[in-house]
Amino acid sequence: MTLEETAGKIRSMEIRGAGRIARAAARALYEHSMEAESADLAQYCQRMYAAAELLVSTRPTAVSLPNAVNLVMKPLKNESDLFTARHNLEERALAFIKRSEEAVSRIGTIGARHIRDGDVVMTHCNSEAALACILKAHQQGMDIEVYATEVRPRNQGHITAKTLSDAGIKTNFIVDSAARYFMKEVDICITGADAITVNGSIINKIGTSQIALAAHEARVSFVVAAETYKFAPCTILGERILIEERSPDEILSGDMRKQLPHVTVRNPTFDITPADYVDLIITEAGVYPPEMAYTVIKEQLHWDTEDMSLELP
Ligand code: RUB
């Protein structure tokens, strides 16, 4: 796949979900580097920085995307010859992909320990990390039942329901607005994250915060499964996570909208769940309370507040 094809697929959501987006970006950088016919290091760097910028511009919210791109790209500025620069960048890209896959599997193992035999689990959207916990619990022989939401407008819940059904897990498929109605039957909610800010807020698929609120009211645990590269170092410096707002066409057709001249269709793709409503964040490095987001950023992402070069050079 060319760089432009990967960027197009991330933008159109053919490639979606924060972890998959991050791995696709790392893979695109790897392949772009392999194909690069550069006369010298400067030309190679220029080509790779342009590629990085294109990838980061595709979707604004999932911090896994700039984090993955930065991990692959950042040391490039210290290289002094083309051969080594290219070799090292490709190694970093492959290492990121491997690390990301291993992280999801580890999260599954750790997350399954928070599920008990007989539990009813609610999940929202389609998160590899959240599903890893549920699937692992099922593989370990636990008798669990899941409530999976539909996830309007893009229906990512269909993918979740298919995965759960294929695994033989008893699943109830519900519209998003039925989450509170069924919360009294639920023991634990598990979702993924697109970004986690320094104050422990979770940015995830629109509707997540309503589910967290309903869980809080019903005294049901609300757990987030997320790789450490979903934490957002930029939030230490006061940057905010931009919430993507997608086309109104995803909700109402142009023809329908023409008949509603006083109506504006709003389509935010993600929302923010405050740390107060989150019991735990399950990462590949262990389980953290949301209040420890700063520590995760410092210790797991090895990010230094002096180091402003997380931005692309
Ligand atoms: C996907 C979404 C997922 C997170 C975590 O949104 O909100 O819950 O990305 O997923 P979209 P994962 O479909 O708009 O990309 O655990 O797979 O990274």
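Criteria and cut-off values
- Residues numbered from 1 in each chain as written.
- Predicted model: local features only at pLDDT ≥ 70, side-chain atom pairs only at ≥ 80, totals over all residues.
- Heavy atoms only, no water.
- Helix = DSSP H or I, 4+ residues; strand = E, 2+ residues; numbered from the N terminus.
- Buried < 20%, exposed > 50% of the residue type's maximum accessible area, 1.4 Å probe, protein only.
- Contact = heavy atoms within 4.5 Å.
- Areas by Shrake-Rupley, 256 points an atom, 1.4 Å probe, with all protein chains shown as cover.
- Lys, Arg positive; Asp, Glu negative; His and termini not counted.
- Charge placed at Lys NZ, Arg CZ, Asp CG, Glu CD.
- Domains from an automatic or database assignment.
- Buried area = accessible area lost by both parts, 1.4 Å probe.
- Salt bridge = Lys/Arg side-chain N within 4 Å of Asp/Glu carboxyl O.
- Polar contact = N/O pair within 3.5 Å; in protein donor to acceptor, adjacent residues only side chain to side chain.
- Nonpolar A, V, L, I, M, F, W, Y, C, P; charged D, E, K, R; others polar.

1. A few points about the overall build of the protein
- Across its full length, the protein carries 11 helices and 10 strands.
- Overall, the protein is about 65 × 50 × 40 Å in size when its C-alpha atoms are taken along their principal axes.
- Considering the protein as a whole, with its 313 residues, one finds that 53% of them fall into the buried category.
- Partitioning the intrachain contacts of the protein with sequence separation of at least 6 by distance along the chain shows that 77% fall at a separation of at least 24.
- Here the protein displays about 14500 Å² of accessible surface, and carbon together with sulfur accounts for 51% of that area.
- Charged side chains of the protein number 33 positive and 43 negative; the gap between the two group centres comes to 3 Å.

2. Comments concerning the domain arrangement of the protein
- On domain assignment, one finds that the protein holds domain 1 (3-105) and domain 2 (106-300).
- Using C-alpha coordinates to define each centre, domain 1 is positioned 26 Å away from domain 2.
- Taken together, the 23 residues of domain 1 in the interface contact 32 residues of domain 2.
- In this assembly, domain 1 packs against domain 2 so that about 2100 Å² is buried in total across both faces, 51% of it on carbon and sulfur atoms.
- Our count for the contact surface shared by domain 1 and domain 2 stands at 4 salt bridges.
- Residue Arg23 pairs with Glu128 through a salt bridge whose shortest N-O separation is 2.7 Å.
- Counting across the domain 1 and domain 2 interface gives 21 residue pairs in polar contact (both at pLDDT 80 or more).
- Of all the secondary structure elements, the ones that give two or more residues to the side of domain 1 that touches domain 2 are helix H2 (18-35), helix H4 (64-73) and helix H5 (82-112).
- Per element, the largest residue contribution to the side of domain 1 that touches domain 2 is 7 residues, and it comes from H5.
- When the residues that make up the side of domain 1 that touches domain 2 are grouped by side-chain class, the tally is 9 nonpolar, 7 polar and 7 charged.

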